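In case you want the letters, here they are:
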Amino acid sequence: MKEFDYLVVGAGLWGCVFAHEATKRGKKCLVIDRRNHIGGNTYCENVEGINVHKYGAHIFHTNDKEIWDYVNSFVEFNRYTNSPVANYNGELYNLPFNMNTFYQLWKVKTPEEAKAKIAEQVEQAGIKEPQNLEEQAISLVGVDMYEKLIKAYTEKQWGRKATELPAFIIKRLPVRFTFDNNYFNDRYQGIPIGGYNKLSEGLLEGSEVRLGVDFFANRQELAELADTVVYTGKIDEYFDFRFGALEYRSLRFDDELLNTDNYQGNAVVNYTDSETPYTRIIEHKHFEFGTQPKTVVTREYPQEWTPGAEPYYPINDDKNDQLFRQYKSLAEQEQNVIFGGRLAEYRYYDMHQVIGSALKKVKVHFGE
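Below: a short report on this structure. (Residues numbered from 1 in each chain as written. Predicted model: local features only at pLDDT ≥ 70, side-chain atom pairs only at ≥ 80, totals over all residues. Heavy atoms only, no water.)

**A few points about helix H2 (residues 65–72)**
Regarding H2, the residues found buried are Ile67, Trp68, Tyr70 and Val71. Projection of H2 onto a plane perpendicular to its axis shows the buried side chains occupying an angular sector of 160°, all on one side. Tucked into the core, H2 has its buried residues touching helix H1 (13–24), strand E5 (60–62), strand E8 (188–190), helix H6 (197–204) and helix H10 (351–365). Sitting at the head of H2, Asp64 places a side-chain oxygen 2.9 Å from the backbone nitrogen of Glu66. (Buried < 20%, exposed > 50% of the residue type's maximum accessible area, 1.4 Å probe, protein only. Helix = DSSP H or I, 4+ residues; strand = E, 2+ residues; numbered from the N terminus. Arc of directions from axis to C-beta. Contact = heavy atoms within 4.5 Å. Polar contact = N/O pair within 3.5 Å; in protein donor to acceptor, adjacent residues only side chain to side chain.)

**So, the sheet that holds strand E15 (residues 313–314)**
Taken in spatial order, the seven strands line up as E7-E6-E12-E13-E14-E11-E15 in an open sheet, and their pairing is mixed. The open sheet is flanked by strand E7 (91–94) and E15, the only strands paired with a single partner. Direction of pairing for strand E6 (residues 85–88) relative to E7: antiparallel, over a ladder of four bridges. Bridge pairing in E7 links Asn87 to Leu92. (Pairing = 2+ DSSP bridges.)

**Some thoughts on the packing of helix H3 (residues 99–106) against helix H4 (residues 111–125)**
Running from N to C, H3 and H4 point in directions that differ by 65°, and their axes come no closer than 10 Å. As far as their axial angle goes, H4 and H3 are roughly perpendicular. When you trace H3 past H4, the crossing you get is left-handed. Between H3 and H4, the residues in contact are Met99, Phe102 and Trp106 and Pro111, Ala114, Lys117, Ile118 and Gln121, respectively. Residue composition of the contact of H3 with H4, grouped by class: six nonpolar, one polar and one charged. (Axes fitted to C-alpha atoms, helices over the stretch in contact; angles between N-to-C directions. Parallel < 35°, antiparallel > 145°, perpendicular 65-115°, else oblique. Left-handed = near helix turned anticlockwise from the far one by under 90°. Nonpolar A, V, L, I, M, F, W, Y, C, P; charged D, E, K, R; others polar.)

**Describing the side chain of Thr101**
The residue Thr101 is located in helix H3 in this model. The residues touching Thr101, leaving out its near neighbours within four places in the chain, are Tyr93, Asn94, Pro96 and Leu149.

**Structural notes on the packing of aromatic side chains**
Following the criterion strictly, the structure yields 30 aromatic pairs and no others. Relative to Tyr348, the ring of Tyr313 has its centre 5.7 Å away and its plane inclined at 35°; by these criteria the two rings are tilted. Separated by 35 residues along the polypeptide, Tyr313 in strand E15 and Tyr348 in the loop between strand E16 (337–339) and H10 bring together distant segments of the chain. Among the residues examined, Tyr313 registers a relative accessible area of 25% and is labelled partly exposed. What links up through ring pairs into an aromatic cluster is the set Phe215, Phe216, Tyr231, Tyr238, Phe239, Phe243, Tyr327 and Phe339. (Phe/Tyr/Trp six-rings, centres within 6.5 Å; stacked < 30°, edge-to-face > 60°.)

Right under this line is the structure:
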């Protein structure tokens, strides 16, 4: 008889949810992670009493009341509303595109004026069938918004010219003709009071956790500890990159502790010019309305993914999607292995989608 029912490889949100649901059903789980902390990319480090989002800003938002109630059963969420600001060469604009943005850009004061301005620029552009991201964006919002708020930010994010990026990346742009700076339309939104670690800790209660453990360094021995392996890592790595490596975009974070109580007055400021090498600055204390005497800011630099770097955003183009389908076919043939999460499914997930995916997998697996 095996020591555990499940070996969960990866202590990120997907693995934590699966482990919680399994232990709730009386199963014994061992959760391992090669990092020295739980929570995956939602992990927060406490610096001067501030919860620093170590792997980029994580803002929870959902329209699903069940998922909202689920996360709030582990930790209470605050009322934080994401209202980013764009800085274009020192000019400040509200995001997403709304009446505040249009006034800042064109000094128009009514929705009718704003719609007319956009329509005029779209007509002047004369793009009938957008062939790339640049043409797609201009055909939706005109030249001014594209040049100041989309072009350089997107090119920094993807490391490619906007004319080389497919149009589908920017199929829809949120454009509102109201004075509303709330980035998300979802009914529920917030940040865990006390940080995301409280959510991870609550989910892993009842599981055995071993950190700093690399599954691939001791694969056979670890797999033999449990009846079933729950794998949340990179699917191509699981199969020893048999068909080649899937591609990602990565990020580098530059944290700085400042001897001031308020650096930029907002949690998220995007830098949409081409001269600034980073895409945004995060000031973490504003996620929890902090009043600490110091502050921590993080500059976020997108970069190409290379082996050893952290994979953040899957590049879901035709080439990579075809490669993923080959790996998925292998995964479906595996016995006593469950694949799930952002890396194993090679898709970008928001946090509520991660939780929804894990809960769905649990129900299917346990036949409920």
